[in-house]
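Below, each chain spelled out in residue letters.
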Amino acid sequence: MPQVILISQVPLPYSKIGSWTTLYDNYLSNHHEIDHIICPKPERLYSGIQYQFVANSFSMKFQKRISKNPYLGYLKALEKILEKEDKFIIQIIDNFGIVKPIIDFLERKGKRSQCYIQFFYHGFSPFYENFLGRWFFENINEMVVLTNDSYQAHKNYYTVLPIKFSVLHNGVDTSKFHKIPDSEKIALKKELKISNKKVFVWCSQDRPKKGLDLILEVWKRIYNHEKDIILLIIGADREIKIDGVSFLGKIPNNDLPKYYQIADCYLFPTLWQEGFGLSLIEALNCGCYCIASANGGVSEVLQYGKLGKLIENPNFVQEWIDAIELFLNQNATNNFAVPQDLYSMQNWNVGMNTIIQNAKKSLS
């Protein structure tokens, strides 16, 4: 039976918050099909998994400099595993740069035909231009993307696309991120001293592509005539005073659900081709009405408007103003029930195992 090798540039488990590392943490703590992990040494290890740690000693740094191969430590770790079995599935996550060194290494060792390479891509748009993309896709076996729309973007861009594709939506822990009864929501608002107001939430890293500046401009215009509203900013801590805005800074992941659960509307003004939008599905599962940019995979996540309001031209301030005012005037809410397994970690785990099992069939 083929062995499965996961190659990660970050230590697993990962002590900080990250979308795919959180998903893998849940997966590797439950029923999984990973046999080996190659990564920098973490603070703790998953039981039942064989590790090969990527050395970062002075000697290794010197060898990488001489060989001009920044991935030499990964190749040495991989070599130790390849000696033990005959067939392997190699999972690579978002690291385009490591693919060619691994392909060259496997060919030198006469192992390429015995290895099935899966590349997991958490972006949306094609990474390589058309010509370079041909080499990449001719040398891996499968690409796993977050949405069907991402696959369509690749299919429409590349002249030649000679590999398998699979889709694996992101997932969240639905035991934490879930809707609460109205009575609990009212009590939680009182506890957080936000009673009698419509609560809006923005949650992300404070980077230009995440659209915070745009939303703050939108908010200033709306707040001129709408006073019974408040905007909670999570993940950014700017030292400025804006009426009706509360900067909460970074919030521990375990505390995030209650802010989504008290919110009436979640704003997701991404200004780039978003791969999926993890915070969007966190808010969605907590019962928030979502207003989001129709960028990248977001439209598919919100089922093209069935699960929220999509802003077709998200760089236009007025479109956000119109959407928020319509929400306030119509007192819109998410009356639908999001299927529990739609964007759940449990469903992600099942999907991952299915992708691995199909790869094993291809190698047999």
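Summary of the structure given here.

1. Looking at helix α1 (residues 19–28)
What sets the pattern is the α-helix's 3.6 residues per turn: residues three or four places apart point alike.
No. 1: The complete set of buried residues in α1 reads Trp20, Thr21, Leu23, Tyr24, Tyr27 and Leu28. Buried positions in α1, seen along its axis, are confined to an arc of 160° and lie on one side of it.
No. 2: Along its buried surface, α1 packs onto β1 (3–7), β2 (36–39), β4 (88–93), β5 (115–120) and α13 (345–363).

2. Some points on the nonpolar core
No. 1: Residues Val201, Tyr260, Tyr266 and Leu280 are the most contacted members of the largest nonpolar core, which totals 37 residues.
No. 2: Those elements that place two or more of their residues in this core are β8 (198–203), β9 (229–234), α9 (256–262), β11 (265–268), α10 (278–285), β12 (289–293) and α11 (298–301).
No. 3: Core analysis: the second largest hydrophobic core is formed by 33 residues, Leu75, Leu82, Ile92 and Ile140 among them.

3. Some words on the packing of helix α4 (residues 99–108) against helix α5 (residues 130–139)
No. 1: As a packed pair, α4 and α5 sit with axes 11 Å apart at the nearest point and diverge in direction by 50°. The angle between α4 and α5 places the two elements in the oblique class. Viewed along their axes, α4 and α5 form a crossing whose handedness is left-handed. Every residue of α5 that contacts α4 at Val99, Lys100, Ile103 and Glu107 is listed here: Trp135, Phe136 and Asn139.
No. 2: Here the contact of α4 with α5 is composed, by residue class, of 4 nonpolar, 1 polar and 2 charged.

4. Observations concerning the sheet that holds β4
No. 1: Read across the sheet, 7 strands follow the order β3-β2-β1-β4-β5-β6-β7 without closing on themselves; strand pairing throughout is parallel. One side of each edge strand has no neighbouring strand; the edge strands of this open sheet are β3 (50–53) and β7 (164–167). On average, each strand axis in the sheet is inclined to that of its neighbour by 20°, with strand direction left out of account.
No. 2: Packed on one face of the sheet, α13 meets β1, β4, β5, β6 (142–145) and β7 and runs near 150° to β5.

5. Quick word on the environment of proline 40
No. 1: By secondary structure assignment, the location of proline 40 is in the loop between β2 and β3.
No. 2: On the accessibility criterion, proline 40 (23% relative accessible area) is partly exposed.
No. 3: If we skip the residues at most four places from it in the chain, proline 40 touches Ser8, Gln9, Val10, Pro11, Phe53, Val54 and Tyr74.

6. Side note on the pairing of β1
No. 1: Most of β1 sits inside the fold, with 5 of its 5 residues counted as buried.
No. 2: Of the two faces of β1, the one carrying Gln3, Ile5 and Ile7 and the one carrying Val4 and Leu6 are both buried.
No. 3: Sheet topology note: the β1/β4 ladder contains 5 bridges and is parallel. Bridge assignment links glutamine 3 to a residue of β4, and that residue is phenylalanine 88.
No. 4: Sheet analysis places β1 next to β2, joined by 3 bridges and oriented parallel.

7. Some details on unusual backbone geometry
No. 1: Cis geometry is found at the peptide bond from leucine 12 to proline 13, where omega equals 5°.
No. 2: When you line up the elements, proline 13 lands in the loop between β1 and α1.
No. 3: Positive phi, normally seen in glycine, also occurs at tyrosine 304, with a value near 55°.
No. 4: Mapped onto the elements, tyrosine 304 comes out in the loop between α11 and β13 (309–311).
No. 5: In this structure tyrosine 304 comes out as exposed when scored by relative accessible area, which is 53%.

8. Remarks on the pattern of salt bridges
No. 1: If you walk through the whole model with that rule in mind, you get 10 salt bridges.
No. 2: Of the charged contacts, one joins arginine 44 and aspartate 25 as a salt bridge, the two residues approaching to 3.6 Å between their closest N and O atoms. Of the two residues, arginine 44 is situated in the loop between β2 and β3 and aspartate 25 in helix α1; the sequence distance between them amounts to 19 residues.
No. 3: Judged by relative accessible area, arginine 44 falls into the partly exposed class, the value being 47%.

9. Describing the sheet that holds β13
No. 1: Taken in spatial order, the 6 strands of this open sheet run β10-β9-β8-β11-β12-β13, and their pairing is parallel. A single partner strand is all that each edge strand has here, and the edge strands are β10 (245–249) and β13. Geometrically, the sheet is characterised by an average inter-axis angle of 20° between neighbouring strands, direction not taken into account.
No. 2: Bridge count between β9 and β10: 4 bridges; the pairing is parallel. Its bridge partner being in β10, leucine 231 is matched across the sheet by valine 245.

10. Here we look at the environment of glutamate 319
No. 1: Mapped onto the elements, glutamate 319 comes out in helix α12 (residues 317–330).
No. 2: Looking at glutamate 319, the relative accessible area reads 24%, which means it is partly exposed.
No. 3: Each C-alpha atom of the pair glutamate 319 and glutamate 107 lies 53 Å from the other, and the pair is 212 residues apart in sequence.
No. 4: Excluding residues within four positions of it along the chain, glutamate 319 makes contact with Ile311, Glu312 and Asn313.

11. Some points on the packing of helix α3 (residues 72–82) against α4
No. 1: At a minimum axis separation of 11 Å, α3 and α4 run at an interaxial angle of 40°. By the angle between their axes, α3 is oblique relative to α4. When you trace α3 past α4, the crossing you get is right-handed. Together, Leu75, Leu78, Glu79 and Leu82 of α3 and Pro101, Ile102, Phe105 and Leu106 of α4 make up the contact between the two elements.
No. 2: Among the residues making up the contact of α3 with α4, the classes are represented as 7 nonpolar, no polar and 1 charged.

The rules behind these values
Residues numbered from 1 in each chain as written. Predicted model: local features only at pLDDT ≥ 70, side-chain atom pairs only at ≥ 80, totals over all residues. Heavy atoms only, no water. Buried < 20%, exposed > 50% of the residue type's maximum accessible area, 1.4 Å probe, protein only. Helix = DSSP H or I, 4+ residues; strand = E, 2+ residues; numbered from the N terminus. Arc of directions from axis to C-beta. Contact = heavy atoms within 4.5 Å. Core = buried A, V, L, I, M, F, W, Y, C linked by side-chain atoms within 4.5 Å. Axes fitted to C-alpha atoms, helices over the stretch in contact; angles between N-to-C directions. Parallel < 35°, antiparallel > 145°, perpendicular 65-115°, else oblique. Left-handed = near helix turned anticlockwise from the far one by under 90°. Nonpolar A, V, L, I, M, F, W, Y, C, P; charged D, E, K, R; others polar. Pairing = 2+ DSSP bridges. Salt bridge = Lys/Arg side-chain N within 4 Å of Asp/Glu carboxyl O.

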